[in-house]
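What follows is the residue order along each chain.
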Amino acid sequence: MLSFVFAIILLQSCDDVSDEIVNAESSKFNVIEVNVPTSFIYSANNNSIAVTAKIDNNSFVEKIEAYVYNELKSNQIIDPVELKDDGSSTSGDNAKNDLTYSGIINFNSEMVSSDYIIEIVIVYTQFGEQLSDIISQTKLDYSSGVQNVTPVISNLVIPSSVTFSSAFKFSVKVEDQNGLTDIDKVWYELFRPNGTQVQNSQGITKFDLYDDGPSSASNSGDLVSNDGVYTSQLTFPSGQPTGEWRMEFFARDLSGEVSNKIEAKVNLQ
Ligand SMILES: [Ca+2]
Ligand SMILES: [Ca+2]
């Protein structure tokens with residue numbers, strides 16, 4: 001079954017709203033048609049889908065790409081695929097230079113049965129600036145022989161008592177029968193001794209743990225990358241209330257299933 005997405009992208013060109021005539025030269029493109037499947041059954045012999053996008057003008061177009069995300073759109077599942085108007089079988093394109101761009105998205109045998117989001121994005125140049133538009137977003141009902149299994153966390157390592165202004169490290173073991181590649185996010189939530197939850201200045205209450213190894217930009221303190229032990233560290237600045245802080249740990253997989261919860265009490269002295 002194919003979805004048919006019809007979209008018109010109109011020019012929003014001039015700052016001068018008194019202009020009644022739209023300057024044709026600054027018009028970028030219209031999207032005539034996008035075709036992306038809405039359901040797919042994976043098998044060894046049937047492991048890819050074709051997607052196409054038709055536009056009416058490619059003068060400003062740099063490239064058209066397909067992105068595949070998990071349903072929560074928190075992670076890209078596979079590398080972006082460029083749609084091409086090259087008439088080649090590699091891209092599944094029927095005719096060269098007819099302004100229909102085509103691409104083939106290959107799935108791997110480990111992807112679990114789930115809904116995924118396929119986004120078609122046009123990158124173009126306008127007034128010397130590179131811009132991009134999402135021209136379609138399609139939910140793909142994807143079936144494979146692989147059923148999703150909820151992740152499990154264990155082996156929390158954390159000090160029971162900490163002091164002000166010195167960083168302390170904590171880690172948790174994460175397992176998922178679908179593999180560590182199915183882990184979307186591992187995080188902790190933090191509660192003050194009076195029970196209120198800590199929220200940072202961006203409104204975030206879920207703070208990430210990382211499995212990114214020692215020399216990483218996150219400064220997580222993680223010892224070994226990709227071993228399923230996720231690590232982070234925390235420093236209580238002076239002024240925070242002393243007493244028993246509660247931390248809750250969770251993991252979530254790409255299908256959005258959340259693990260068991262592990263709680264810890266940390267005594268700030
Ligand atoms: Ca899983
Ligand atoms: Ca690790």
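The shown structure was predicted, so the numbers you read here are calculated from the model rather than taken from an experiment.

With that out of the way, let us pick up the overall build of the protein chain. When helices and strands are counted, the protein chain shows zero helices and 17 strands. Relative to its 269 residues, the protein chain shows a buried fraction of 23%.

In space, the three strands of this open sheet follow the order 10-12-15, with antiparallel pairing throughout. In the strand order of this sheet, the two ends are held by strand 10 (152-157) and strand 15 (229-234), each with one partner. The average angle at which neighbouring strand axes cross in this sheet is 25 degrees, direction not considered. For strand 12 (residues 168-175) and strand 15, the ladder comprises six bridges, and the chain directions are antiparallel. Looking across to strand 15, one finds that Lys169 is bridged to Gln233.

For the protein chain, mean pLDDT is 90; residues scoring 70 or higher make up 90% of the total. Low pLDDT (under 50) marks residues 1-26, which in the prediction has 31 contacts with non-local residues, meaning those over four places away or in another chain.

A few words on unusual backbone geometry. One non-glycine residue with positive phi stands out, namely Ser165, at about 65 degrees. By the element assignment, Ser165 lies in the loop between strand 11 (161-162) and strand 12. On the basis of neighbour counts, which here come to 10 C-beta atoms within 10 Å, the residue Ser165 falls in the exposed class. For Asn226, which is not glycine, the phi dihedral falls at a positive 55 degrees. Inspection of the secondary structure puts Asn226 in the loop between strand 14 (207-208) and strand 15. The class of Asn226 is exposed, set by 11 C-beta atoms lying within 10 Å.

Glancing now at the environment of Glu244. Tracing the backbone shows Glu244 in strand 16 (residues 243-253). Looking at Glu244, the number of C-beta atoms within 10 Å reads 14, which means it is partly exposed. For the pair Glu244 and Arg192, spaced 52 residues apart in the sequence, the C-alpha separation amounts to 7.4 Å. Residues contacting Glu244, with those up to four places away along its chain left out, are Pro193, Lys265 and Asn267.

Quick look at the nonpolar core now. Counting 23 residues, the largest nonpolar core has Val51, Ala53, Ala66, Ile118 and Ile120 as its most contacted members. Among the elements of the structure, strand 2 (31-37), strand 4 (48-55), strand 5 (61-70), strand 6 (76-83), strand 7 (100-106), strand 8 (114-126) and strand 9 (129-143) are those that each provide at least two residues to this core. If you tally residues by element for this core, the top one is strand 8, at five residues. Discounting residues that sit within four places of it in the chain, Val51 has contacts with Asn35, Val36, Ala66, Leu83, Gly103, Ile105, Ile118 and Ile120. Among the nonpolar cores identified, the runner-up in size contains eleven residues, and Val174, Val186, Phe249 and Ala251 belong to it.

Let us look at the sheet that holds strand 3 (residues 39-41). Reading across from one edge, 3-9-8-5-6 is the order of the five strands in this open sheet, with mixed pairing throughout. Single-partner strands in this sheet number two, and they are strand 3 and strand 6. Taken pair by pair, the neighbouring strands of this sheet meet at an average axis angle of 30 degrees, ignoring direction. Inspection of the sheet shows strand 5 paired to strand 8 by nine bridges, in the antiparallel sense. Considered in strand 8, the bridge of Tyr67 is made with Glu119.

Assignment of secondary structure puts Val123 in strand 8. For Val123 and Phe60, which are 63 residues apart along the polypeptide, the C-alpha to C-alpha distance reads 8.7 Å. Every residue in contact with Val123, bar those within four places of it in the chain, is listed here: Glu62, Lys63, Gln130 and Ser132.

Looking at the secondary structure, you find Glu82 in strand 6. Overall, the presence of 13 C-beta atoms within 10 Å leaves Glu82 in the partly exposed class. For Glu82 and Glu65, which are 17 residues apart along the polypeptide, the C-alpha to C-alpha distance reads 4.3 Å.

Conventions adopted
- Here the residue numbers are simple positions, counted from 1 along each chain's written sequence.
- To label them, take the chains in the order written and letter them from A, then take the ligands in the order written and number them from 1.
- Local features in this predicted model are restricted to residues of pLDDT 70 or higher, and side-chain atom pairs are both shown and tallied only at a pLDDT of 80 or more, whereas totals for entire chains, interfaces and linings draw on every residue.
- Here a strand is any run of E in DSSP of at least two residues, a helix any run of H or I of at least four, and the numbering for each starts at the N terminus.
- Exposed residues have 12 or fewer other C-beta atoms within 10 Å of their own C-beta, buried residues have 20 or more, and partly exposed residues fall in between, where C-beta atoms are placed from the backbone.
- In this scheme, strands are said to pair when DSSP sees at least two bridges between them.
- Lines fitted to the C-alpha atoms define the axes, with helices restricted to the stretch that makes contact. Angles between their N-to-C directions range from 0 to 180 degrees.
- The quantity known as pLDDT measures the predictor's confidence residue by residue, on a range of 0 to 100.
- Contact criterion: two residues are in contact if their C-beta atoms, reconstructed from the backbone, are within 7 Å.
- We call a set of buried Ala, Val, Leu, Ile, Met, Phe, Trp, Tyr and Cys residues a nonpolar core when their C-beta atoms link them within 7 Å.

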